[in-house]
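Structure at a glance
If you want the building blocks of each chain, they are given just below.
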Amino acid sequence: MKWEPSVSAAHIGVSVKDGIVTLSGHVPSYAEKYGAERAAQASCRHQGGRHELDIKLPGSSQRTDEDIAAAAVSALRSNLSIPADKLKVTITKGWVTLEGEVQWY
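Report on the accompanying structure.

Rules used in this analysis
- Residues numbered from 1 in each chain as written.
- Predicted model: local features only at pLDDT ≥ 70, side-chain atom pairs only at ≥ 80, totals over all residues.
- Heavy atoms only, no water.
- Helix = DSSP H or I, 4+ residues; strand = E, 2+ residues; numbered from the N terminus.
- Rg over C-alpha atoms; globule rule 2.2 N^0.38 Å.
- Contact = heavy atoms within 4.5 Å.
- Buried < 20%, exposed > 50% of the residue type's maximum accessible area, 1.4 Å probe, protein only.
- Pairing = 2+ DSSP bridges.
- Core = buried A, V, L, I, M, F, W, Y, C linked by side-chain atoms within 4.5 Å.
- Lys, Arg positive; Asp, Glu negative; His and termini not counted.
- Salt bridge = Lys/Arg side-chain N within 4 Å of Asp/Glu carboxyl O.

So, about the overall build of the chain. Within the chain one finds 2 helices and 5 strands. In sequence order, the secondary structure elements of the chain are arranged as β-β-α-β-α-β-β. Here the C-alpha atoms of the chain give a radius of gyration of 19 Å, more than 25% beyond the 13 Å that 2.2 N^0.38 yields for 105 residues. By its C-alpha atoms, the chain is 50 × 35 × 25 Å across when sized along the principal axes. Of all intrachain contacts in the chain linking residues separated by at least 6 positions in sequence, the fraction that spans at least 24 positions is 48%.

Structure representation (structure tokens):
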């Protein structure tokens, strides 16, 4: 991990047992989580992996479900090819669910 510039390995644990690589700990962003997973894959030939990395956003970056819902609704309204009035946005503990019916994917 220490040779991957996009990853701060300070809070990441790496263990290998029977060819299975396990990453544990927490990182401040999805990009860093992705970088750590790619670095683990690239650094050794392993049979499989288990990733238990949590993303802990800094306080100023955390969003409530209401913030996420407002951003999702705004994104839908700003894209004219998506019929925003046909979709319902629901946010539960950060998970986004879209319900409705559209003419194409």
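This part takes up the pairing of strand E4 (residues 87–92). Burial along E4 is one-sided: the residues Leu87, Val89 and Ile91 are buried and none of Lys88, Thr90 and Thr92 is. Bridge analysis of E4 against strand E5 (residues 95–100) gives 6 bridges, and the strand direction is antiparallel. Counterpart to Thr92 in the pairing with E5 is Trp95.

The next point concerns the nonpolar core. In terms of nonpolar packing, the biggest core is built from 8 residues, these being Val7, Ile12, Val21, Leu23, Val27, Ala36, Ala40 and Leu53. Of all the secondary structure elements, the ones that give two or more residues to this core are strand E2 (20–27) and helix H1 (30–43). If you look at the next biggest cluster of nonpolar residues, it comprises 6 residues, including Ile68, Ala72, Leu76 and Leu87.

Residue position: Lys33 is located in helix H1. Buried within the structure, Lys33 lacks any salt-bridge partner; its nearest side chain of opposite charge belongs to Glu37, at an N-O separation of 4.1 Å. Excluding its chain neighbours within four sequence positions, the residues that come into contact with Lys33 are Val27, Leu53 and Ile55.

Note that every value here comes from positions in space, so none of it alone points to a role or purpose.
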